[in-house]
Amino acid sequence: MKVGIIRFPGSNCDRDVFHALELAGAEPDYVWWSKRDLSDFEAVVIPGGFSYGDYLRAGAIAAITPVINGIKDCVEEGKPVLGICNGAQILAEVGLVPGVFTENQNAKFICKWTELKVNSSRTPFTSMYKKNEIIRMPIAHAEGRYYTEDLNQLRENDQIVLSFESENPNGSMEAITGVCDEEGLVCAIMPHPERASETILGSDDGLKFFKGMVK
Amino acid sequence: MKYDTEVKISLKKGMLNPEAATIQRALALLDYQVENTSTVDVIKFSIEGQDTGLVRKEVDEMCQRLLCNPVIHDYQIKISPKEE
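Residues numbered from 1 in each chain as written. Chains lettered and ligands numbered in written order. Predicted model: local features only at pLDDT ≥ 70, side-chain atom pairs only at ≥ 80, totals over all residues.

Help me understand the nonpolar core, please; the structure alone is not making it clear to me.
The nonpolar side chains of a soluble globular protein tend to be buried, and buried together. Of all hydrophobic cores here, the largest spans 67 residues; its most connected members are Val44(A), Ala88(A) and Leu91(A). What Val44(A) contacts, discounting residues up to four positions off in sequence, is Val3(A), Gly4(A), Ile6(A), Leu38(A), Ile71(A), Cys74(A), Lys79(A) and Val81(A). Grouped together as the second largest cluster of nonpolar side chains are 7 residues, Tyr3(B), Val7(B), Val55(B) and Val59(B) included. (Core = buried A, V, L, I, M, F, W, Y, C linked by C-beta atoms within 7 Å. Buried ≥ 20, exposed ≤ 12 C-beta atoms within 10 Å, placed from the backbone. Contact = placed C-beta atoms within 7 Å.)

Here's what the structure looks like:
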């Protein structure tokens, strides 16, 4: 499966995502933000980082670049799209997933391992986990506090993908830290599965995000 | 005609504002007891346009498309003829 990894000025973990995708059996390639046509790819990952210096709001400027139109085409064609950390903030800014990831409640950058619950296994990315499975992946963000005006709708549509278990480090509504669109093909998560893709990193719990995507 | 434009962006009422809360706690460290601290972002630019109404419409569009996130923000637009 050919997977596009979208790069903006200020992206990071793009190479980590490349490595994790290779481990999962995919054929990844980098895509610069100015590329409009993503028809070569069967899936897309937007990695983390601080695109455009987080100016205005995290993800706001990346959200209006040409590559986003290519991603919207992918969504219409039913191709899976995963946004990790800054990628999640971008997908929320574009409106491809509901709500917003905004400043952490304690106003700090939080970088730590977290326990997470996989609330839904209906997305390609979570299809290899059991529903309600507890996994470990790290977070690294200052703007990850999830907020939405449509919480009931999210619950009814099974759009809550990941939530913090045992603690709520950033003050997210209902401890939510991963959501998807109604179809379950666009997924936005704050934790970093690529940083938990090999046991030498402390956990390989995140690898199934990529394996499920490739499956 | 040129216009000076000012967009004031604030969090919607009831939204948590960690920056304001941190500032209020810091003021308390200096023994200033204040309440209801909030912060606003101000974006200023000048723009060419036919009249105030048309400029306002264009700036409103900018707010919706980029400058604000309608999920969490309120905004105010101020437009005045550019002082030469």
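Anyway, onward from the coordinates.
Help me out: how do you make sense of the environment of Leu16(B) in this one?
All names here are of chain B. With respect to the helices and strands, Leu-16 occurs in the loop between strand S1 (2–11) and helix H1 (18–29). Residue Leu-16 is classed as partly exposed on the basis of its C-beta count, with 15 C-beta atoms lying within 10 Å. For the pair Leu-16 and Glu-48, spaced 32 residues apart in sequence, the C-alpha separation works out to 37 Å. (Helix = DSSP H or I, 4+ residues; strand = E, 2+ residues; numbered from the N terminus.)

Help me out: how do you make sense of the interface of chain A and chain B in this one?
Listed by partner, the interface residues are 14 residues for chain A and 8 residues for chain B. Classifying every residue of the side of chain A that touches chain B by side-chain character gives 5 nonpolar, 5 polar and 4 charged. (Nonpolar A, V, L, I, M, F, W, Y, C, P; charged D, E, K, R; others polar.)

When you look at the pairing of strand S10 (residues 176–180) of chain A in this model, what are you seeing that I'm missing?
Residues in a regular strand point their side chains to alternate faces of the sheet. Residue and element names in this part refer to chain A. Of all 5 residues in S10, 5 are buried, a share of seventy percent or more. Bridging between S10 and strand S11 (residues 186–189) involves 3 bridges; their strand directions are antiparallel. Of the residues in S11, the one forming a bridge with Val-179 is Ala-188. A loop of 5 residues connects S10 with S11, the two strands running antiparallel in sequence, and Gly-184 in this loop sits at a positive phi of about 85°. (Pairing = 2+ DSSP bridges.)

I tried to follow the environment of Ala58(A) on my own but got confused; where do I start?
Residue and element names in this part refer to chain A. Tracing the sequence through the fold places Ala-58 in the loop between strand S3 (43–46) and helix H2 (66–76). Classification of Ala-58 by C-beta neighbours within 10 Å gives buried; the count is 28. Taking the C-alpha atoms as reference, Ala-58 lies 9.6 Å from Gly-144; in sequence the two are 86 residues apart.

Looking at this model, I keep getting lost on the sheet that holds strand S3 (residues 73–81) of chain B. Mind explaining?
In a beta sheet, neighbouring strands pair by backbone hydrogen bonds and run either parallel or antiparallel. Residues and elements named next belong to chain B. Taken in spatial order, the 3 strands line up as S2-S1-S3 in an open sheet, and their pairing is antiparallel. Each edge of the open sheet is held by one strand with a lone partner, namely strand S2 (40–48) and S3. The sheet shows a mean angle of 20° between the axes of neighbouring strands, direction not considered. Pairing of S1 with S2 involves 9 bridges; the strand directions are antiparallel. Bridge pairing in S2 links Ile-9 to Asp-41. Across the sheet, helix H2 (residues 52–67) is in contact with S1, S2 and S3; its angle to S1 comes to roughly 40°. (Axes fitted to C-alpha atoms, helices over the stretch in contact; angles between N-to-C directions.)

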